[in-house]
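Residues per chain are reported as follows:
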Amino acid sequence: MKLNYVFNDKSLLKNALTHSSSVKAKIGSNERLEFLGDRVLSLAISDYLYKHFKNETEGSLAKRHAFLANANTLYEIANKIELSHDITASFSLDKEDLIKQNIKDKNIMADAVEAIIGAIYLDSDFKTAYDVIIDLYGDLLHNQGKPPQDFKTKLQEVSQSKFAKIPEYSVVKITGPDHSPEFTVMVKVNSRQAIATGASKKEAEQKAAEILIKDFI
């Protein structure tokens, strides 16, 4: 793994790379670190965008944040640091195998990136974690041009404008094995609703928002 950071506590790194499929109890997996890393990543990206895109509105910053924090971007970072060979799981995460699985398990690698960020934060401090995050993202922070479109943000803007309320999202069901779950999510705006399925909750929410937004534009 090509990571520009050396851990003081190697057990944190080992935990960050341990997927739930390889342990009997989830408490021994990287899920807690993923939870923490997601929040550290969000704050770091928010801070960076606020300071470097001074002429953009809150809405534009939110779109950039959504793009940078989504599973596809994190998966790109995972490939950049060659992470797949280091994750401990009960199945292969080689790039060729992921392609055969329609890259459904890319979320595992994206989650591992967040877990690593959480581990770095615990092993050092926020400033160090921030510097590692900026290094990991590199040109991705600026190469988007105009803020990318985010269907959840767009639907929220329309909903607030037309009805003075925000969309309501709920998980309808979760199917599939623990290492590769499938989420079905419903989004409602007043009496209108849409349902979509994705390999992560965020992906399903985006798909549902994309479907429902068509009712308002």
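Predicted, not measured: the structure shown is a model, and the values here were computed from it. (Residues numbered from 1 in each chain as written. Predicted model: local features only at pLDDT ≥ 70, side-chain atom pairs only at ≥ 80, totals over all residues. Heavy atoms only, no water.)

Draft legend 1. Layout of the overall build of the chain. Summing up its helical and strand segments, the chain has nine helices and three strands in all. Reading the chain from its N terminus to its C terminus gives the helix and strand order α-α-α-α-α-α-α-α-β-β-β-α. A total of 217 residues make up the chain; the buried ones form 43% of that total. Partitioning the intrachain contacts of the chain with sequence separation of at least 6 by distance along the chain shows that 60% fall at a separation of at least 24. Accessible surface computed for the chain: about 11700 Å², of which carbon and sulfur atoms make up 51%. (Helix = DSSP H or I, 4+ residues; strand = E, 2+ residues; numbered from the N terminus. Buried < 20%, exposed > 50% of the residue type's maximum accessible area, 1.4 Å probe, protein only. Contact = heavy atoms within 4.5 Å. Areas by Shrake-Rupley, 256 points an atom, 1.4 Å probe, with all protein chains shown as cover.)

Draft legend 2. The packing of helix α4 (residues 71-80) against helix α6 (residues 106-123), seen in detail. In the contact formed by α4 and α6, the axes pass within 8 Å of each other and the chain directions differ by 75 degrees. In terms of their interaxial angle, α4 and α6 are classed as roughly perpendicular. Counted together, Ala-71, Asn-72, Leu-74, Tyr-75, Ile-77, Ala-78 and Asn-79 of α4 and Lys-106, Asn-107, Met-109, Ala-110, Val-113 and Glu-114 of α6 form the full contact between these two elements. Residue composition of the contact of α4 with α6, grouped by class: eight nonpolar, three polar and two charged. (Axes fitted to C-alpha atoms, helices over the stretch in contact; angles between N-to-C directions. Parallel < 35°, antiparallel > 145°, perpendicular 65-115°, else oblique. Nonpolar A, V, L, I, M, F, W, Y, C, P; charged D, E, K, R; others polar.)

Draft legend 3. Seen up close, helix α8 (residues 151-163). Here α8 is 13 residues long and its end C-alpha atoms lie 17 Å apart, about the 18 Å a rise of 1.5 Å per residue gives. Within the sequence span of α8, burial applies to Thr-153, Leu-155, Val-158 and Ser-159. Tucked inside the fold, the buried residues of α8 contact α3 (58-69), β1 (168-175), β2 (182-189) and α9 (201-213). Once α8 ends, the next one or two residues include Ala-164, with phi positive near 55 degrees. (Expected span 1.5 Å × (residues − 1).)

Draft legend 4. View of the pattern of salt bridges. Throughout the structure, instances matching the rule amount to eight salt bridges. The residue Asp-38 makes a salt bridge to Arg-39 at a minimum N-O spacing of 3.3 Å. Put simply, Lys-202 and Asp-38 hold a salt bridge, and the shortest N to O gap is 3.4 Å. Separated by 164 residues along the polypeptide, Lys-202 in helix α9 and Asp-38 in helix α2 (residues 31-52) bring together distant segments of the chain. Looking at Lys-202, the relative accessible area reads 44%, which means it is partly exposed. (Salt bridge = Lys/Arg side-chain N within 4 Å of Asp/Glu carboxyl O.)

Draft legend 5. The packing of aromatic side chains, seen in detail. By the definition in use, this model includes three aromatic pairs. Relative to Tyr-130, the ring of Phe-126 has its centre 6.1 Å away and its plane inclined at 50 degrees; by these criteria the two rings are tilted. Placement of the pair is Phe-126 and Tyr-130 together in helix α7 (residues 126-137), with a separation of four residues, close to one helical turn. Owing to a relative accessible area of 28%, Phe-126 belongs among the partly exposed residues under this scheme. A relative accessible area of 16% places Tyr-130 in the buried class. An angle of 70 degrees between the planes, with centres 5.8 Å apart, marks the rings of Phe-163 and Phe-216 as edge-to-face. You can see Phe-163 sitting in helix α8 and its partner Phe-216 sitting in the segment after α9, a full 53 residues away along the chain. The class of Phe-163 is partly exposed, set by a relative accessible area of 32%. (Phe/Tyr/Trp six-rings, centres within 6.5 Å; stacked < 30°, edge-to-face > 60°.)

Draft legend 6. Region of the structure containing the pairing of strand β3 (residues 192-198). Across seven bridges, the pairing between β2 and β3 is antiparallel. Across the sheet, the residue bridging to Lys-188 is Gln-193, located in β3. Counting the residues that bridge the hairpin from β2 to β3 gives two residues, and of these Asn-190 lies at a positive phi of roughly 55 degrees. (Pairing = 2+ DSSP bridges.)

Draft legend 7. Main features of the packing of α6 against α7. Put simply, α6 and α7 touch, their axes get as near as 7 Å, and they point 145 degrees apart. Helix-helix and strand crossings are classified by hand; for α6 and α7 the assignment is right-handed. Facing α6, whose interface residues are Ile-117, Ile-120 and Tyr-121, α7 presents Phe-126, Ala-129, Val-132 and Ile-133. Each residue belonging to the contact of α6 with α7 can be placed in one class, and the counts come to seven nonpolar, no polar and no charged. (Left-handed = near helix turned anticlockwise from the far one by under 90°.)

The values reported here are purely geometric and, on their own, carry no functional implication.
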